[in-house]
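Structural features, examined
Here's the letter readout for the chains.
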Amino acid sequence: IAKTAHDYENIQDVTPILDNHIAVKAFLNEQYTFIFIFILVLIGVFSLSIKEKNSGMDTLIATTVKGSKETVIAKLFALILFSFIICFIFYLSNIIYLQMIYGFSGLLDPVQSLYGFENITLRINCLEAMALEVFYVFLCITIFGLLVFALAYIINNSIIVGLIVL
């Protein structure tokens, strides 16, 4: 998609700053964290759906007055909380690691100061770009986990859902 002059009006007066942005660039380009979080959430979804089915508790819970509906809602909230905690732990460890190795400087510099980010038309700084990255990963992982959980709940066989996902 070609950007026009109208797209760049928002950042017309932004001046890129030459600074040590290695840690911020490494944080924004790290893909292994996403893969690890993806795998952990997938394992979390399967553990939420397999344990009850293997023990036979799912039929017992379904027969109670508030059982099935409230259990599913509680599991959805548990999945969202699990996704948040996993994202928080992994990205916090990345921040600590990158701080120890490179040191964060220029967090309040415009994101256009980073090599490869010159064409971003958002008026944000590097710290806000990092926060957007974490929020984006959390949102994607949570939506994926909810979709896999819904498939596992509808199909009633988590092993088949696991094979479909893989």
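Shown above is the structure to which this text applies.
Just so you know, these numbers come straight off a predicted model, no measurement behind them. (Residues numbered from 1 in each chain as written. Predicted model: local features only at pLDDT ≥ 70, side-chain atom pairs only at ≥ 80, totals over all residues. Heavy atoms only, no water.)

Turning to the overall build of the protein, a few remarks are in order. Scanning the protein from terminus to terminus reveals six helices and zero strands. Walking the protein from its N terminus toward its C terminus, one meets helices and strands in the order α-α-α-α-α-α. For the protein, the proportion of its 166 residues judged to be buried stands at 31%. When contacts within the protein are restricted to residue pairs at least 6 apart in sequence, long-range pairs at least 24 apart make up 75% of them. (Helix = DSSP H or I, 4+ residues; strand = E, 2+ residues; numbered from the N terminus. Buried < 20%, exposed > 50% of the residue type's maximum accessible area, 1.4 Å probe, protein only. Contact = heavy atoms within 4.5 Å.)

What follows deals with the side chain of Thr142. Structurally, Thr142 can be placed in helix α5 (residues 126-155). In contact with Thr142, other than residues within four places in its own chain, are Ile80 and Ser83.

Restricting attention to buried positions, one finds in helix α1 (residues 22-29) the residues Ala23, Val24, Phe27 and Leu28. Along the axis of α1, the buried positions cluster into a sector of 130°, meaning they face one direction only. (Arc of directions from axis to C-beta.)

Attention now moves to the packing of aromatic side chains. In this structure the tally under the stated criterion is five aromatic pairs. Among the aromatic residues, those joined into a cluster by ring pairs are Phe84, Phe88 and Phe138. (Phe/Tyr/Trp six-rings, centres within 6.5 Å; stacked < 30°, edge-to-face > 60°.)

This brings us to the nonpolar core. Residues Val24, Leu28, Ile37 and Leu114 are the most contacted members of the largest nonpolar core, which totals 28 residues. Every element with two or more residues in this core is listed here: α1, α2 (32-55), α4 (67-101) and α5. The element contributing the most residues to this core is α5, with eight residues. When neighbours within four sequence positions are excluded, Val24 is seen to be in contact with Phe104, Leu107, Leu114, Cys126 and Met130. (Core = buried A, V, L, I, M, F, W, Y, C linked by side-chain atoms within 4.5 Å.)

On the surface, Ile22, Leu81, Phe84, Ile85, Phe88, Ile89, Leu92, Ile96, Tyr97, Met100, Ile101 and Tyr102 cluster together into a nonpolar patch covering about 1,200 Å² of accessible area. Among the elements that make up the nonpolar patch, the one with the highest residue count is α4 (ten residues). (Patch = residues over 30% accessible without salt bridge, like charges linked within 9 Å, V, L, I, M, F, W, Y side chains within 5 Å. Areas by Shrake-Rupley, 256 points an atom, 1.4 Å probe, with all protein chains shown as cover. Salt bridge = Lys/Arg side-chain N within 4 Å of Asp/Glu carboxyl O.)

At a closest axis distance of 10 Å, the pairing of α1 and α5 adopts a crossing angle of 20°. By the criterion of interaxial angle, the relationship of α1 to α5 is roughly parallel. For the element pair α1 and α5, the recorded crossing hand is left-handed. Residue-level contacts link Val24, Phe27 and Leu28 of α1 to Cys126, Ala129, Met130, Glu133 and Val134 of α5. (Axes fitted to C-alpha atoms, helices over the stretch in contact; angles between N-to-C directions. Parallel < 35°, antiparallel > 145°, perpendicular 65-115°, else oblique. Left-handed = near helix turned anticlockwise from the far one by under 90°.)

Now for the state of the cysteines. According to the stated counting rule, one finds zero disulfides in the structure shown. Free of any disulfide, Cys87 has its nearest neighbouring cysteine sulfur in Cys140, separated by 9.6 Å. According to the relative accessible area criterion, Cys87 is buried, its value standing at 2%. (Disulfide = S-S within 2.5 Å.)

Once that is clear, we can look at the side chain of Asn94. For Asn94, the position within the fold is in helix α4. Among the polar contacts listed, one links the side chain of Asn94 to the side chain of Thr33, at a separation of 2.6 Å. Residues in contact with Asn94, not counting those within four places in the same chain, are Phe27, Glu30 and Thr33. (Polar contact = N/O pair within 3.5 Å; in protein donor to acceptor, adjacent residues only side chain to side chain.)

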